[in-house]
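# Overview (structure and organization)
Take a look at the letters that make up each chain.
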Amino acid sequence: MTAKTINLTLKVWRQGRGEPIGRLETCRAENISKDMSFLEMIDVVNEQLTKDHQEPIAFDHDCREGICGMCGAVVNGRPHGHERETTLCQLHMRHFSDGDTIVIEPWRARAFPVIKDLVVDRSALDQIIQAGGYISVNTGGAPDANSLPIPKDTADAAFVPAACIGCGACVAACPNASAMLFVGAKVSQLSLLPQGRPEAAKRVSSMVRKMDELGFGNCSNETECEAECPKGISIIQIARMNREFFKARFS
Amino acid sequence: MSWFYDTIRTSIGKKLLMALTGLCFCLFLIIHLIGNLTLYGGQELFESYVKHLHALGPLIRVAETGLLTLAIIHVSTGCFLVWQNWMARPVRYQVNKNAGGRTIGSWTMPYTGFIILIFVAIHLSNFHFIDHDRQTVFQAMTATFTFLPYVIFYTLAVVVVAVHVSHGFWSLFQTLGANHPKYMPAIRGLGILFSLLVAAGFGFIPAFVGFIMN
Amino acid sequence: MKPDVTSDLTIDPKLDAKIPAGPLAEKWDRHRFDIKLVNPANKKKFEIIVVGTGLAGASAAASLAELGYPVKNFCIQDSPRRAHSIAAQGGINAAKNYANDGDSIRRLFYDTVKGGDFRAREANVYRLAQLSNHIIDHCVSQGIPFARDYGGFLDNRSFGGAQVSRTFYAKGQTGQQLLLGAYGALMRQVAGGMVTLFQRREMMELVVEDGRARGIVTRNLITGEMETHTAHAVVLATGGYGNVFYLSTNAMASNVTAAFRAYKSGAYFANPCFTQIHPTCIPVHGTFQSKLTLMSESLRNDGRVWVPKKPGDNRKPKDIPESERDYYLEAKYPSFGNLVPRDVASRNAKDQCDMDKGVGETRLAVYLDFADAIKRHGEGAIAGKYGNLFQMYEKITGENPYQTPMMIYPAVHYTMGGLWVDYNLMSTIPGLFVLGEANFSDHGANRLGASALMQGLADGYFVIPYTIGGYLAGASFGKTHTGSEAFKTAVNVAEQRVQKLMQVNGRRTVADFHRTLGGILWDHCGMARNEEGLTKAKGMVANLRKEFWEDVYVPGNAADFNQSLENAGRVADFLEFGELMIDDALARRESCGCHFNTAFQTEDNEALRDDENFCHVAAWEYAGDERSPLFHKEPLTFENVALTQRSYK
């Protein structure tokens, strides 16, 4: 049986708050149990750094079960690491080998400025949703839930893009730092459902405009986003958004 | 028309411009290729094709103007997109790794595009902007393709076009919103087939003209 | 010091639950009519602070803004969408009776009261059941992709031992979908200018002026600055305190700080010892484990729970012959077998491990074996039912549950206790409202599955928009500003606490203290408690707290993005709060629901309630740092249900 623990060399992006640029710094991760998650490995490193009276690595994380979308870093050039459909918190150290060197960088995009180390500001994604990623319904006036039957296939199709966790890995993975998969997922979910149709045209126009304003890049169909999406959301959602956009603009 | 301007200046609008102009160029490539295939039928067949083409007169001028406009749109939009995309990530990654989405065709689009632009300029100066009273296209061609460096350059350039098209073809469908799990694999396949066809169809011409016909 | 329980005979006037008169089914209706309304034109003059953006917070902020109140909404994460409501898997209950199987508002009410082992308020629970139907209607209109049948109508499943199918779901991501619906509604109000959003902010202090909640002090987690915000009412929707145990299924940032600060400002804390422990979680793998992952308890429908008969047996499961396996649940509870309720299953797993019959490396796990089910139904059928759960298990543990038995262990999952609130969801501080898991009101001593989402959204969408108006319309407000004495004092207190944490400059890390605290509470105030253990734990927690303030080391500086400092503040509060939990557990000399005191059990080892002496809500009042909290009680009266003893034999 192989050893239960491994030793690693980390090269971590360190950037102080307010610093325009950071640098990769090397530290050791010793005796890492293979059952740990990647974030638990960083916990161990941070615990050691703290004991050595050095500043621990700042990184975002919360639920640690792959659903909140808070965590994320680029590991050896791959957002959320190399495992498919896996968030960083669900990436386990058994996928690494003893002696590996791991380079950890933050999401990089003009729209995601670095706050500190691996922590970036993703409020741009909230701003895109504010531009129309919802159905305008006030609390209180809804008819009975079953008064509007929705074909199962439609509901299931809407669920697929609705699974987006808003982690921003698509932007990080995109060679152009484009947010098309994120926007496409929300536009698709709401345009598929009959409840979302009344404001579908307004929604897609306004969300796309907001996305452009915020400094994301343009989509060039490189499909890196769908390859890295921890929820496996496909560029079919982008194509659907494009259709919705043309429908909205040319009619 | 402000709605139109508003539309095409969005990121999706610019992509639409690239896709539509790209689609036109794909169609142009098909027509161009069909015309050029007459070469394999010998000098006479080819020259009669050229004659018929030139007989279209003003229509040719319209087509040329159209192609030039498309090229201006395609190239200027492309340049703008490349610049914007570059700006969207001011600090680059220290380690870059492909997750399996990118292809040679996709990541080289700006570079192959630039090479194609130069190639088209040379190509036009070789065969188009010549004194057609002193020299027929066929003569110009045989003159060019007996010179080995030109043969190599043209053949490689055609391969670059094929690489560009290998991403451009399916990509324009995606941009136009035509992505469906049932049909996308076929479109992807067609794109590969089309780029191979372009590579083979155009690619053998220089050698054929230079070494076989002569 | 023993908690002062002498005051329990005098009913504190502050603990008036303000339950409306009239028959149960009409109370909410009548109350809505009786509540004063705020003139629409005046709503813009009343500022409301909502802390938290989970199901309760986001839905409250959005609904209040829709009414025309200017709202300031705060969250600890980078985006409101990260709140831990997002991780709820199973579903949300509603008494729609779409399945035509005999469900009704009254049945949902009854199941919830009984499930809570008769330690919740009848009127609140009935209102919750009434509102459950509106929640589903509203969520569907928001575009939440609930599961549907082929006719296009909403699908239901049964859950948590209920005898009817009343759970609406969106695959295993119901919480995510509901939260994103509320988040969308919130974003709409942000875009409309009615909600101002403050991300990466932690509430440090509640500001009480002239006896009313008038604002909060927050720490900007990016810059470290203390910021002050005034309001006419403060709504806390800051979730539960499960992370006091260090390991729980909660998110890493979930904490008690906001609620605890409110407690220290005069809000009573109710039933803090009620914490739910879920039986089917992936076991702990080592010291540096940071959190526990829940798997749906539906697994127990087909899995058989067992441990080796011989203590200390460390053979591989496949090497242990059938005759040497102890299927302890099936043996002990022949009629319910592996399907006993959460608390019973959890407790029994702990008992087995205490007898050194636990399995796995840490010996803190029991097997959940699907071999028989696979033999009977085939691998395909089992994969169809539990495929995603098996996948998740394999991803985390690296073991294939089709071939080797799963290992499970209980984990802290939800806290029924919380700040005491009346029928209007207002705490004992006028103007301070508490919603969702942060309050105590609806689940008694044990929460049923798929009820947490229901409560969060009922509170936010359909209760607070009415009741807050009643408060605002009926109160007279003096002028306040962020420079007032009360605000200055609050900022001072917050700043001093931060300074103090930075200045200890000891040797132990924050996580180290947190882990130790969690261990103490898990061992002595977890699934089973007794007076001896609790008393011992009380001393241990007090010592640990002392040690913390002498030996903790917080790196970095206070005027920066400093996650160690954030954690230090939260752990400091957990260290005080942990003792309050123990006090509460000691004072409740009975067993009920999740609170299992080994001295009070039936012959069958079930929780033995003492309805004569303990049919009440225990509400604790802060009395000062060096003094024991004061005990108050709100008696619970049950006029519509008969108090019975649960049995699962």
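Quick caveat: nothing in here was measured; it's all calculated off a predicted structure.

This part covers the interface of chain B and chain A. Interface size, as often reported, equals the accessible area lost upon joining of the parts. On the side of chain A, 41 residues touch chain B, which itself brings 34 residues to the contact. Elements with a minimum of two residues in the side of chain B that touches chain A: α2 (11-37), α4 (58-87), α5 (104-107) and α8 (148-175) of chain B. Here the side of chain B that touches chain A is composed, by residue class, of 14 nonpolar, 15 polar and five charged.

What follows concerns helix α6 (residues 257-264) of chain C. All names here are of chain C. With seven of eight residues buried, α6 lies mostly within the body of the structure. Residues of α6 that are buried include every one of T257, A258, A259, F260, R261, A262 and Y263, and no others. Residue G266 follows α6 closely and has a positive phi angle near 120°.

Contact with chain C, which involves 63 residues of that partner, is made by 66 residues of chain A. Taken together, the elements giving at least two residues each to the side of chain C that touches chain A come down to α2 (55-67), α4 (122-141), α5 (174-191), α10 (379-397), α11 (452-474) and α15 (563-587) of chain C. Ranked by residue count, the leading element in the side of chain C that touches chain A is α5(C), at eight residues. Here the side of chain C that touches chain A is composed, by residue class, of 26 nonpolar, 25 polar and 12 charged.

All names here are of chain A. Each assigned domain of chain A is listed here: domain 1 (5-116) and domain 2 (122-249). Domain 1 puts 18 residues into the contact, and the matching count from domain 2 is 18 residues. Looking at the side of domain 1 that touches domain 2 residue by residue, the classes come out as eight nonpolar, six polar and four charged.

Residues and elements named next belong to chain C. Looking at chain C, the domain boundaries give domain 1 (278-413) and domain 2 (485-615). Put simply, the middle of domain 1 and the middle of domain 2, counted by C-alpha atoms, are 30 Å apart. If one sorts the elements of the side of domain 1 that touches domain 2 by residue count, helix α8 (residues 342-354) sits on top with four residues. Grouping the amino acids of the side of domain 1 that touches domain 2 by side-chain chemistry returns one nonpolar, one polar and three charged.

Next up on the list: the arrangement of the chains. The top pair by number of contacts, from a total of two pairs of chains in contact, is chains A and C. Kept free of each other, chain B and chain C leave a smallest C-alpha distance of 20 Å between them.

This part takes up unusual backbone geometry. In this structure, E85(A) takes a positive phi of about 50° despite not being glycine. Mapped onto the elements, E85(A) comes out in the loop between β4 (78-79) and β5 (101-105). The backbone of A450(C) sits at a positive phi, close to 65°, despite the residue not being glycine. Topologically, A450(C) is positioned in the loop between β17 (432-434) and α11.

Put simply, helix α2 (residues 123-130) of chain A and α5(C) touch, their axes get as near as 8 Å, and they point 85° apart. One way to sum up the angle between α2(A) and α5(C) is to call them roughly perpendicular. Residue-level contacts link D126(A), I129(A) and Q130(A) of α2(A) to G184(C), M187(C), V190(C) and A191(C) of α5(C). Within the contact of α2(A) with α5(C), the residues separate by chemical class into four nonpolar, two polar and one charged.

Formed by 321 residues in total, the largest nonpolar core has its most connected members in V171(A), I48(C), V235(C), L236(C), L419(C) and L432(C). Top element by residues in this core is α15(C). It accounts for 13 residues. Not counting chain neighbours up to four residues away, the residues in contact with I48(C) comprise L64(C), Y69(C), V71(C), A231(C), H232(C), A233(C), V235(C) and I468(C).

Now for the sheet that holds strand β11 (residues 275-281) of chain C. All names here are of chain C. Pairing is antiparallel in the open sheet, where five strands are placed in the order β11-β15-β14-β12-β13. The two strands at the open ends of the sheet, each matched to only one other strand, are β11 and β13 (325-326). Two strands pair when backbone bridges link them, and strand β14 (residues 366-369) and strand β15 (residues 406-415) are joined in this way by three bridges, in the antiparallel orientation. Looking across to β15, one finds that Y367 is bridged to M407.

A few words now on the sheet that holds strand β1 (residues 48-51) of chain C. Residues and elements named next belong to chain C. Read from one edge to the other, the open sheet built from five strands follows the order β5-β2-β1-β9-β17, with strand pairing classed as parallel. At either margin of the open sheet sits one strand with a lone partner, and together these are β5 (195-198) and β17. Each strand of the sheet is rotated relative to its neighbour by a mean of 20°, with strand direction disregarded. As defined by bridge partners, strand β2 (residues 71-74) adjoins β5 across four bridges and the pair is classed as parallel. Each residue of the ladder has a partner; that of K72, found in β5, is T196.

All names here are of chain C. For the pair helix α13 (residues 510-524) and α15, interaxial distance at closest approach is 9 Å and the crossing angle is 20°. Accordingly, the angle class assigned to the pair α13 and α15 is roughly parallel. Remark: the crossing between α13 and α15 carries left-handed chirality. The segment α13 lies against α15, with V510, F513, H514, L517 and L521 engaging S564, N567, A568, V571, F574, L575, G578 and M581. Of the residues contributing to the contact of α13 with α15, the split by class is nine nonpolar, four polar and no charged.

Analysis parameters
Residues numbered from 1 in each chain as written. Chains lettered and ligands numbered in written order. Predicted model: local features only at pLDDT ≥ 70, side-chain atom pairs only at ≥ 80, totals over all residues. Contact = placed C-beta atoms within 7 Å. Helix = DSSP H or I, 4+ residues; strand = E, 2+ residues; numbered from the N terminus. Nonpolar A, V, L, I, M, F, W, Y, C, P; charged D, E, K, R; others polar. Buried ≥ 20, exposed ≤ 12 C-beta atoms within 10 Å, placed from the backbone. Domains from an automatic or database assignment. Axes fitted to C-alpha atoms, helices over the stretch in contact; angles between N-to-C directions. Parallel < 35°, antiparallel > 145°, perpendicular 65-115°, else oblique. Core = buried A, V, L, I, M, F, W, Y, C linked by C-beta atoms within 7 Å. Pairing = 2+ DSSP bridges. Left-handed = near helix turned anticlockwise from the far one by under 90°.

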